[in-house]
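Coordinates in review
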Amino acid sequence: AVLGVLTIPLIGAWAARVLRDVKVGAAATLLIAVVPLFVRNDTSDANNVPALFWLFGGALLWHEYLDTGLGRWLLGAVPLLALAAITRPEMPLLVPVVLILGAVASSSVIDASRPGKAEARAGGPWTRSFRIPLRDPVLWVAAGAFVLLLVPHLWHILNAIQALKA
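Sequence positions are assigned chain by chain, starting from 1 and proceeding in written order. Only residues with pLDDT of 70 or above have their local features reported here, since the model is predicted, and side-chain atom pairs are shown and tallied only from 80 upward, although totals for entire chains, interfaces and linings are computed over all residues. Each side-chain value is derived from all of the structure's non-hydrogen atoms; neither hydrogens nor water enter the calculation.

1. Remarks on the packing of helix α4 (residues 48-68) against helix α5 (residues 71-85)
Filter applied, for reference: A fitted line through C-alpha atoms serves as each axis, taken over the contacting stretch for helices, and the angle formed by two N-to-C directions is quoted from 0 to 180°. Numbering goes from the N terminus for both helices and strands, where a helix is a DSSP run of H or I of at least four residues and a strand is a run of E of at least two. Here the angle decides the label: under 35 degrees means roughly parallel, over 145 means roughly antiparallel, 65 to 115 means roughly perpendicular, and every other value means oblique. Crossings are sorted by hand: turned counterclockwise from the far helix by less than a right angle, the near helix makes the crossing left-handed, and turned clockwise it makes it right-handed. What makes two residues a contact is simply this: any of their non-hydrogen atoms within 4.5 Å. Three residue categories are used. Nonpolar comprises Ala, Val, Leu, Ile, Met, Phe, Trp, Tyr, Cys and Pro, charged comprises Asp, Glu, Lys and Arg, and polar comprises the others, including Gly.
Following both chains from N to C, one finds α4 and α5 inclined at 160°, their axes separated by 8 Å at the closest point. The orientation of α4 relative to α5 falls into the category roughly antiparallel. For α4 against α5, the interelement crossing comes out left-handed. Across the interface between the two elements, Ala51, Trp54, Leu55, Gly57, Gly58, Ala59, Leu61, Trp62, Glu64, Tyr65 and Thr68 of α4 pack against Gly71, Trp73, Leu74, Gly76, Ala77, Leu80, Leu81, Leu83 and Ala84 of α5. Across the contact of α4 with α5, the residue classes break down as 14 nonpolar, five polar and one charged.

2. Things to note about the environment of Pro89
Quick reminder of the rule: Throughout this description, buried means an accessible area under 20% of the type-specific maximum (1.4 Å probe, protein chains only), exposed means over 50%, and partly exposed covers the range between.
Note on placement: Pro89 falls in the loop between α5 and α6 (91-107). Pro89 gets classed as exposed once you look at its relative accessible area, which sits at 56%. Residues Pro89 and Leu154, 65 residues apart in the sequence, show an inter-C-alpha distance of 8.3 Å. Setting aside residues up to four positions removed in sequence, Pro89 forms contacts with His153 and Ile157.

3. A few points about the nonpolar core
Note the threshold: Only buried residues count toward a nonpolar core. Its members are Ala, Val, Leu, Ile, Met, Phe, Trp, Tyr and Cys residues joined through side-chain atoms within 4.5 Å.
The biggest cluster of nonpolar side chains holds 29 residues, and the ones touching the most others in it are Trp14, Leu55, Trp62, Leu81, Val95 and Phe146. Broken down by secondary-structure element, the contributors of at least two residues to this core are α1 (2-19), α4, α5, α6 and α8 (137-165). Element by element, the count of residues in this core is highest for α4, at nine residues. Excluding residues that lie within four positions of it along the chain, Trp14 makes contacts with Phe56, Ala59, Leu60, His63, Val98 and Gly102.

4. Description of unusual backbone geometry
With phi around 55°, Arg20 is a residue other than glycine that occupies positive phi space. Along the chain, Arg20 turns up in the loop between α1 and α2 (22-33). The class of Arg20 is partly exposed, set by a relative accessible area of 23%.

5. Structural notes on the packing of aromatic side chains
Quick note on the threshold: Note on ring pairs: Phe, Tyr and Trp rings are taken, using the six-membered ring of Trp, and paired if centres are within 6.5 Å. Classes follow the plane angle, with under 30 degrees stacked, over 60 edge-to-face and the rest tilted.
Inspection of every chain in the model, using the stated rule, returns two aromatic pairs. Ring plane angle 35° and centroid distance 6.1 Å describe the contact between Trp62 and Tyr65, whose orientation is recorded as tilted. You can see Trp62 and its partner Tyr65 sitting in helix α4, three residues apart, about one turn around the helix. Here the two residues Trp62 and Tyr65 agree in accessibility, since each one is buried.

What follows is the structure in structure tokens.
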């Protein structure tokens, strides 16, 4: 129940961060809080709630890394994202999708706190560009660590598929 309570504002913080709007984050928090499935899973033994907690905690740190370029945020994100990825069979595919879509969505949002909003709407100097620093060695170390942490889980999934075929 504790993770469920902590996950609700975490999802709202992620939405606010990606879309650069506190009101959107508040709306996301409210909507997630009243979703009956989320409430039911929070009180069960299902691993959906921890998966979401780790996913959105890691996604927040990922966005902090993209915004600041400081590797410490990325190194903090890797264990959370790896935990999220190994909780359920579909999560190794979902984690990268959430990270990439979040980065793309975040890059297409105009930063309303900066001057020149009209210029930004016209594609002026205040728009953000989609940028993942591919030359940053910390990114490659983090990606390698993430993959290494996933290997046992992916091996288990492949063995389970083979066992079901037999």
